[in-house]
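Geometric and topological summary
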Amino acid sequence: MKNILVTGGAGYIGSHACKVLRENGYTPVAFDNLATGWQDAVRFGPFEHGDLCDRDRLDQVFERYHPHAVMHFAALSQVGESVEKPGLYWRNNVLGSLNLIEAAVAADCRKLVFSSTCATYGDQDGVVLDEDSSQYPANSYGSSKRAIEEMLRDFEAAHGLRSVTFRYFNVAGADPEAEVGEFHRPETHLIPLILDVIEGKRADLTIFGTDYDTPDGTCIRDYVHVMDLVDAHVLGLKWLEDGNPSRVFNLGTGHGFSVREVVDEVRRVTNKAIACKEGPRRDGDCAKLVSGSDRAIRELGWRPDRSSLERMVADAWKWHQKGGYSS
Ligand code: UDP
């Protein structure tokens, strides 16, 4: 079986990717520093504890497994934190990725699937966000990811490292079998926070900003099911295996939901009351981020069949009730 090095393999999206890689006949090698990931989430292949900022450790792992390709999920990804601590984001995300990319090239591993983000586009009122849109990130999370996209272009030109870059919109839901799921401590993401309120783990949900220029005044995001998202990664890997050139794909559904609409849907699916209060805007947030392209559907044959809001909430709720990971 071919080994795939999965950085961030103990995290939310990385752990789901490991499951789907395994189902597709690959061996996922999870590489994670466990800063935000969980060893309990590593269930589908070997675990290698390590930090992307430690180049020697990376070289050891490449030497041990000779990975056929890399899936690079490991990153800090909180918009608000990135505004407060840009240095943390540039060091961890950009320097970490530089080490990884250099280690991959040194080990003659020249296929990489990269997790980027719609936060690289920033706030562009009324502009359809397709892959050719300009990128004006509104926070250090977005600018760190844009920098890595540029790094990948330079390394392809110089060293022939081909990559597929996925710009995620908002990832939600969980493995429908609830073997793995979303679990952050502290939690900052909308749907798990609402589920925490339902379970009495927090008193209420604060809606960050109700004066945006959107129909109900709250931010609009395009949510995509984590299982659909990781399916796209396997298709991206096959795209590279087939010898195709580097390519960027948005991963979103093209449909946006406001914060209030998400709260209403969670209320409907779970049939539970949700206490909400209105708060100020969160630094770095854009009013609306919705994918304006179906390139992944057309070119990769991606089918985001599980990305209805109802299904994402239902799968997240099923997982949430298991109580998350302990280590
Ligand atoms: N949000 C909110 N209250 C919270 C957490 C998030 O109103 O306690 C909003 C946030 O401002 C954004 C949306 O929910 O508009 C999704 O935020 P999340 O942090 O889940 O993902 P992001 O868009 O930052 O990737």
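Residues numbered from 1 in each chain as written. Predicted model: local features only at pLDDT ≥ 70, side-chain atom pairs only at ≥ 80, totals over all residues. Heavy atoms only, no water.

Concerning the packing of aromatic side chains
Heads up, the condition is: The criterion for an aromatic pair is that two Phe, Tyr or Trp rings (for Trp, the six-membered ring) have centres within 6.5 Å, with stacked assigned to planes under 30 degrees apart, edge-to-face to planes over 60 apart and tilted to the rest. Note on conventions: DSSP H or I runs of at least 4 residues are helices, E runs of at least 2 residues are strands, and numbering of each starts at the N terminus. Burial status follows relative accessibility: with a 1.4 Å probe on protein chains alone, a residue under 20% of its type maximum counts as buried, one over 50% as exposed, and anything between as partly exposed. We call a charge positioned above a ring when the Lys NZ or Arg CZ atom is no farther than 6 Å from the ring centre and deviates by at most 35 degrees from the ring normal.
Here the structure, examined in full by the defined rule, presents 6 aromatic pairs. Aromatic pair Phe 183 and Tyr 325: ring centres 6.0 Å apart, planes at 80 degrees, arrangement edge-to-face. Here the residue Phe 183 occupies a position in the loop between strand S7 (170-172) and helix H6 (190-198), and Tyr 325 occupies one in the segment after helix H10 (309-320), the gap between them amounting to 142 residues. No difference in accessibility class separates Phe 183 from Tyr 325, as the two residues are buried. Through successive ring pairs, a cluster of aromatic residues spans Trp 38, Phe 183, Trp 319 and Tyr 325. The cationic tip of Arg 281 hangs over the ring face of Tyr 212; the distance from NZ or CZ to the ring centre is 4.0 Å.

Some thoughts on the pairing of strand S11 (residues 247-251)
Convention followed: Whether two strands pair depends on DSSP finding at least two bridges between them.
Burial of S11 is extensive: 4 of the 5 residues sit out of reach of the surface. Summarising the sheet, strand S6 (residues 162-168) and S11 pair through 5 bridges and their orientation is parallel. Directly across from Tyr 168, in S11, lies its bridge partner Leu 251.

Overview of the side chain of Arg 167
Operational definition: Whenever a nitrogen or oxygen atom comes within 3.5 Å of another N or O atom, the pair is scored as a polar contact, on the condition that within protein one atom can donate a hydrogen and the other can accept it, and that pairs from neighbouring residues in sequence are kept only if both atoms are in side chains. Contact definition: two residues touch when any of their heavy atoms are within 4.5 Å.
For Arg 167, the location among the structural elements is in strand S6. A polar side-chain atom of Arg 167 sits 2.7 Å from a polar atom in the side chain of Glu 149. Excluding residues within four positions of it along the chain, Arg 167 makes contact with Ser 116, Thr 117, Cys 118, Thr 120, Tyr 121, Glu 131, Gln 135, Glu 149, Val 248, Phe 249, Asn 250 and Leu 251.

Quick look at the sheet that holds S11
Going by this rule: Fitted lines through C-alpha atoms give the axes, limited to the stretch in contact for helices. The angle between two N-to-C directions lies from 0 to 180 degrees.
Reading across from one edge, S3-S2-S1-S4-S5-S6-S11 is the order of the 7 strands in this open sheet, with parallel pairing throughout. On the outer flanks of this sheet lie strand S3 (47-49) and S11, each paired with one strand and no other. The average angle at which neighbouring strand axes cross in this sheet is 20 degrees, direction not considered. Both strand S4 (residues 69-72) and strand S5 (residues 111-117) contribute to a ladder of 3 bridges, which runs parallel. Counterpart to Val 70 in the pairing with S5 is Leu 112. Where helix H1 (residues 12-23) meets the sheet, its contacts fall on strand S1 (3-7), strand S2 (27-32), S4 and S6, and the angle it forms with S2 comes to roughly 165 degrees. Relative to the sheet, helix H4 (residues 86-106) contacts S1, S4 and S5, its axis offset from that of S4 by approximately 170 degrees.

Quick word on the sheet that holds strand S12 (residues 257-258)
Across the sheet, which stays open at both edges, the 3 strands sit in the order S12-S9-S14 with mixed pairing between neighbours. Every interior strand has two partners, whereas the edge strands, S12 and strand S14 (288-289), have only one. For strand S9 (residues 220-221) and S12, the ladder comprises 2 bridges, and the chain directions are antiparallel. Considered in S12, the bridge of Ile 220 is made with Ser 258.

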